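Breakdown of the fold
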Amino acid sequence: MTTVVKIGGARAVDPDGALADVARLVEDGEDVVLTHGGSTAVDETLAELGEEPTYVETPGGVVGRFTDERTMEVFKMVMPGKLNTDLVERLHNEGVNAVGLSGTDGKLLEGKRKSAVRVKEDGKKKIKRGDHSGTIESVNADLLETTLAGGYTPVVSVPVLGTEQSGGYTAVNADADRAAAAIAGALEADLVVLTDVSGIYEDPDDESTKIDAAATPEEFAAVEDAAEGFMTKKVMAAAEALEGGAASVTVASANADEPITSALEGEGTTLEPGVLADDGEEVAQ
Ligand code: ADP
């Protein structure tokens with residue numbers, strides 16, 4: 001069975017434990033695909049360059065990044081550039097023959113570009129054009145399987161390959177948790193999402209209220225109710241992974257000794273395919 005691991009981009013996440021764990025698993029003959037975020041690093045680099053990230057609010061009140069042309073340039077420098085190369089370098093030091101891949105390589109992650117977004121500015125609804133974002137529609141599982149079969153460990157980062165209405169291609173931003181979910185679904189893998197909290201808590205501020213597992217739509221509804229802010233996106237991504245065919249999704253802390261092994265053994269919050277309603281649709285939000 002393949003394990004897809006997503007390392008969080010949050011400031012409080014140290015990938016060292018996860019990378020050593022990837023090395024142990026690979027040594028044991030397990031197939032591992034590593035994916036990573038890095039939104040914070042993109043913002044830091046923009047700041048160093050004297051530029052500001054643009055965040056917009058949708059009419060529904062959800063705040064998200066607006067990736068204009070310049071931000072996309074910096075995004076390409078930081079995500080598949082520095083962050084991906086750093087992880088590949090560190091894995092080589094752990095004895096893992098890692099291969100860095102961006103979602104654009106071999107059409108690994110492909111989907112329609114959405115360049116116009118509805119936003120609320122100064123209380124008015126507007127359409128803002130020029131966004132470089134998209135939703136993943138297909139995964140080149142064959143590329144990952146071939147890479148794994150060759151004895152390499154893929155390290156995948158966004159951007160993804162966006163298809164334009166005109167038929168051309170543009171690299172676009174996509175949420176890293178959803179990218180990991182799409183990959184886990186396509187490989188029917190276990191997905192381990194490592195972040196700066198030990199799992200999903202009933203009360204987001206109280207670690208002792210961690211939900212250990214959800215296996216039914218009712219239990220999943222409780223998880224959805226508990227998640228706030230960024231965790232909401234992770235729970236949505238988890239549902240997408242399971243709908244796509246993933247065997248399980250576990251949200252667990254990256255800051256542990258063997259974070260992947262222990263997540264696979266039941267640490268964190270584990271979501272099983274049974275959380276989906278019978279017709280395969282996610283239960284009502
Ligand atoms: P990453 O950068 O690792 O992908 P995020 O910052 O996107 O992680 O998401 C993790 C954050 O979600 C936690 O630091 C926590 O503040 C927040 N969060 C919201 N609701 C919950 C919850 N119910 N349980 C745990 N964490 C939660």
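Residues numbered from 1 in each chain as written. Predicted model: local features only at pLDDT ≥ 70, side-chain atom pairs only at ≥ 80, totals over all residues. Heavy atoms only, no water.

An unreviewed UniProt entry lists the protein under the name Putative [LysW]-aminoadipate/[LysW]-glutamate kinase, with Natrinema gari JCM 14663 given as the organism. Under the Sequence similarities (unreviewed entry) heading, UniProt states for the protein: "Belongs to the acetylglutamate kinase family. LysZ subfamily." Comment text from UniProt for the protein, heading Function (unreviewed entry), reads "Involved in both the arginine and lysine biosynthetic pathways. Phosphorylates the LysW-bound precursors glutamate (for arginine biosynthesis), respectively alpha-aminoadipate (for lysine biosynthesis)." (UniProt positions renumbered as here; feature names shortened; annotations may be inferred.)

1. Details of the site of the ligand
The immediate surroundings of the ligand are formed by 18 residues, with Thr-195, Asp-196, Tyr-201, Glu-228 and Lys-234 found nearest. The contact in question runs from an oxygen atom of the ligand to an N or O atom on the side chain of Thr-195, over 2.8 Å. The contact in question runs from a nitrogen atom of the ligand to an N or O atom on the backbone of Tyr-201, over 2.8 Å. Bound to the protein, the ligand loses 84% of the 580 Å² it would expose on its own. When residues in the shell around the ligand are grouped by element, the largest group, three residues, is from helix α7 (residues 230-244). (Near = heavy atom within 4 Å. Polar contact = N/O pair within 3.5 Å; in protein donor to acceptor, adjacent residues only side chain to side chain. Areas by Shrake-Rupley, 256 points an atom, 1.4 Å probe, with all protein chains shown as cover. Helix = DSSP H or I, 4+ residues; strand = E, 2+ residues; numbered from the N terminus.)

2. Structural notes on the pattern of salt bridges
A complete count under the given rule lists 15 salt bridges for this structure. Here Arg-24 ties to Glu-258 by a salt bridge, and the two come within 3.2 Å at their closest N and O atoms. With Arg-24 in helix α1 (residues 16-27) and Glu-258 in the loop between β15 (248-253) and α8 (259-264), the pair connects residues that are 234 residues apart, well separated along the chain. Here Arg-24 falls in the partly exposed class, since its relative accessible area comes to 35%. Residue class for Glu-258 comes out partly exposed when judged on its relative accessible area of 35%. A salt bridge links Lys-234 to Asp-177, with the nearest nitrogen and oxygen atoms 3.0 Å apart. Residue Lys-234 is found in helix α7, and its partner Asp-177 is found in helix α5 (residues 176-186); the two are separated by 57 residues along the sequence. By the burial criterion, Lys-234 is buried, and Asp-177 matches it. It is possible to trace a salt-bridge network through shared partners that takes in Lys-6, Asp-177 and Lys-234. (Salt bridge = Lys/Arg side-chain N within 4 Å of Asp/Glu carboxyl O. Buried < 20%, exposed > 50% of the residue type's maximum accessible area, 1.4 Å probe, protein only.)

3. Things to note about the UniProt feature "binding site: substrate" (unreviewed entry) in the protein
The residues that UniProt annotates with the feature "binding site: substrate" (unreviewed entry) are Arg-65 and Asn-173. Separation in sequence by 109 residues is not matched in space for these annotated residues, since their most distant C-alpha atoms are only 9.3 Å apart. Filtering out sequence-adjacent residues up to four positions away, Arg-65 remains in contact with Ser-39, Val-42, Asp-43, Leu-46, Pro-53, Thr-54, Tyr-55, Thr-71, Asp-131 and Asn-173. Here Asn-173 is to be found in the loop between β12 (169-172) and α5. (Contact = heavy atoms within 4.5 Å.)

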